[in-house]
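What the coordinates show
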Amino acid sequence: MSFVEIETASQPECWRRAAELAQTQAAALPATGERIAVVGCGTSFYMAQAYAALREESGQGESDAFAASEFPFGRSYDRVVALTRSGTTTEVLQLLNRLRGATRTVAITADPDTPVMTSADEVVVLDFADEQSVVQTRFATTLLTLLRAHLGLHTDAVVRDAETALAEPLPEGLLDCTQFTFLGRGWTAGLANEAALKMKEASLSWTEAYPAMEYRHGPISIATTGTATWMFGTAPEGLSEQVLSTGARWVESGLDPLAELVRVQRLAIARAAARGLDPDSPRHLTRSVVLAGA
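The paragraphs below set out a description of the structure included in this document. What you see is a predicted model, and the numbers here were worked out from it, not measured in a lab.

**Description of the overall build of the protein**
A count of helices and strands for the protein gives ten helices and nine strands. Radius of gyration (C-alpha) of the protein: 18 Å, near the 19 Å computed for a compact globule of 294 residues. Expressed along its principal axes, the backbone C-alpha trace of the protein runs to roughly 55 × 40 × 40 Å. For the protein, restricting intrachain contacts to residue pairs at least 6 apart in sequence, the fraction spanning at least 24 positions comes to 72%. Here the protein has roughly 12200 Å² of accessible surface; of this, 49% comes from carbon and sulfur atoms. Computed over 24 positive and 36 negative side-chain charges, the inter-centroid distance for the protein is 2 Å.

Right, here's the structure in full:
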C-alpha cells in the first residue's frame, strides 16, 4: 500500500484524537468574538477557507481566509491563525515573522521540529496526523476537525460518516470520467476547492471547483456524458436535475461534508493507481515549498 492509502484510512482515529485535543488547546485558539484571519498555502489555504466560513456562519466572529502570500497587512485582526503541515513553508514563515509583536498569532502544524515553533506566538502540534506522502489527506482533515470541535460543531457522527466513506464502494463509473467539477456552499466551498486539488495532485485529473450557485453561470457548459459534478453538502434546488439533463453524472450523499472529502481522496488514489501514477510523489511537487533565498 502507498503511504497516502494508509494515511487516508487512519483518519477516523485522527479525528477522535483531534476532538479531544481541542479541549486542552482552547486558550491557543481564537475566542468567540475575535476578528481573525486564517492563512495557509495549497491544501492548508483551502482548509483556512472552510474554517473561516464555518466560524463566521456559526456566529463566533468575523473570519477571513487568505493565501499566506496575499495577506492584507493594512487590515487589523485580533489574531492570525496559520496552517502549515510542514512548519517550513516560506510564505507562512515570512508572514508570521512580519506580524511578530503586532498581531497575536497561532500556528497549527504537524512537525514540532521546524521553524514555525518559534515564529508563532502559540503553536498547536498535530504530530499524530503527520504524513509521509507529499499529498495531504489526514493532516488537513484532522486540523479542520480540531477547529470544528473548538467551535462546538464536531460530533461522533462525523467520525462514523468517515468510517462509512472508507468502507463503502465508490460510485460506479467515476474512474472512467474525463472531467470532475466539485461544488460547495458556505464552508464546504473550501472543501470543494481541496477536492479539486487532491484529484489534480494525485491523479492528474482535469478538475474544477465552484460555489454551487456559480456553477450555473457558465461552468455547467462543460458538463456532458463522461463528466461528473460532485456536491459537498446540500445542493441548491433544481441543480442536480440541470446537471443530469446534460448527460453528466451527479454525485451527492448524506454524509458529513468532511467525510465526503474522504471519498474524493479515495477516488484520487484509485485513479492514480489506474493510470500507473505514484500518488505519494506527484510530479513537480515536494512536501513543502521552501523558496530559495527567502
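**Points about helix α10 (residues 257–274)**
Residues three or four positions apart in an α-helix share a direction because the helix packs 3.6 residues into each turn. Under the 1.5 Å per step criterion, the end-to-end length of α10 is 26 Å for 18 residues, consistent within 8% with the ideal 26 Å. Counting buried residues along α10, 14 of its 18 residues qualify, which places the element largely inside the surrounding structure. The opening residue of α10 is D256, an N-cap whose side-chain oxygen sits 3.0 Å from the backbone nitrogen of L258. Where α10 terminates, the next one or two residues include G276, which has phi positive at roughly 70°.

**Let's talk about unusual backbone geometry**
Residues other than glycine seldom take positive phi values, yet L204 does so here, at roughly 55°. Positionally, L204 belongs in the loop between α8 (188–203) and β7 (207–211). Its relative accessible area of 32% is what places L204 among the partly exposed residues.

**Let's talk about the packing of aromatic side chains**
Counted by the stated rule, this structure contains eight aromatic pairs. For the pair F45 and Y46, a centre-to-centre distance of 5.5 Å together with 35° between the ring planes defines the contact as tilted. Pairing F180 with F182 gives two aromatic rings, centres 6.4 Å apart and planes at 10°, and the pair type is stacked. Residues F180 and F182 agree in their burial class; the two are buried. A network of ring pairs unites the aromatic residues F66, F71, F73 and Y77 as a single cluster.

**Focus on the sheet that holds strand β2 (residues 63–67)**
Note on sheets: strands pair through backbone hydrogen bonds, and any given pair is parallel or antiparallel. The strand order across the open sheet built from five strands is β2-β1-β3-β4-β5, with neighbouring strands paired in parallel fashion. Each edge of the open sheet carries a strand with a single partner, namely β2 and β5 (122–125). The mean inter-strand angle of the sheet, taken between neighbouring strand axes irrespective of direction, is 20°. Contacting β1 (36–40), β3 (79–84) and β4 (104–109), helix α4 (residues 90–99) crosses the sheet at an angle of about 160° to β3.

The rules we used
Throughout, a residue's number is its position along its own chain's written sequence, starting from 1. Local features are withheld for residues below a pLDDT of 70 in this predicted model, meaning they are given only at 70 or higher, and side-chain atom pairs are given and counted only at 80 or more; totals for whole chains, interfaces and linings count all residues. Here the side-chain values reflect all heavy atoms present in the structure, with hydrogen atoms and water set aside. Under the DSSP-based scheme used, a helix requires at least four consecutive residues in state H or I and a strand at least two consecutive residues in state E, with every element numbered from the N terminus. Note that the radius of gyration is over C-alpha atoms, with the globule rule given as 2.2 Å times the number of residues to the power 0.38. Throughout, a residue-residue contact means that at least one pair of heavy atoms, one from each residue, lies within 4.5 Å. The method behind every accessible area is Shrake-Rupley, applied with a 1.4 Å probe, and residues are considered shielded solely by the protein chains displayed. Charged-residue counts in this description rest on Lys and Arg as positive and Asp and Glu as negative, His and the chain ends being excluded. We put the charge of a Lys on NZ, of an Arg on CZ, of an Asp on CG and of a Glu on CD. Helix span, expected: 1.5 Å multiplied by one less than the number of residues in the helix. Partly exposed residues are those whose accessible area sits between 20% and 50% of the maximum for their type, while under 20% is buried and over 50% is exposed, using a 1.4 Å probe and protein chains only. Pairs of N or O atoms within 3.5 Å make up the polar contacts considered here, provided that, within protein, one atom can donate a hydrogen while the other can accept it, and that residues adjacent in sequence are counted only when both atoms are side-chain atoms. Any two of the Phe, Tyr and Trp rings considered here, Trp counted by its six-membered ring, make a pair once their centres fall within 6.5 Å; the pair's planes then place it as stacked at under 30 degrees, edge-to-face at over 60, or tilted in between. Note on pairing: two strands pair once DSSP finds at least 2 bridges between them. Here an axis means a line fitted to C-alpha atoms, over the contact stretch when the element is a helix, while the angle between two N-to-C directions is reported on a 0 to 180 degree scale.

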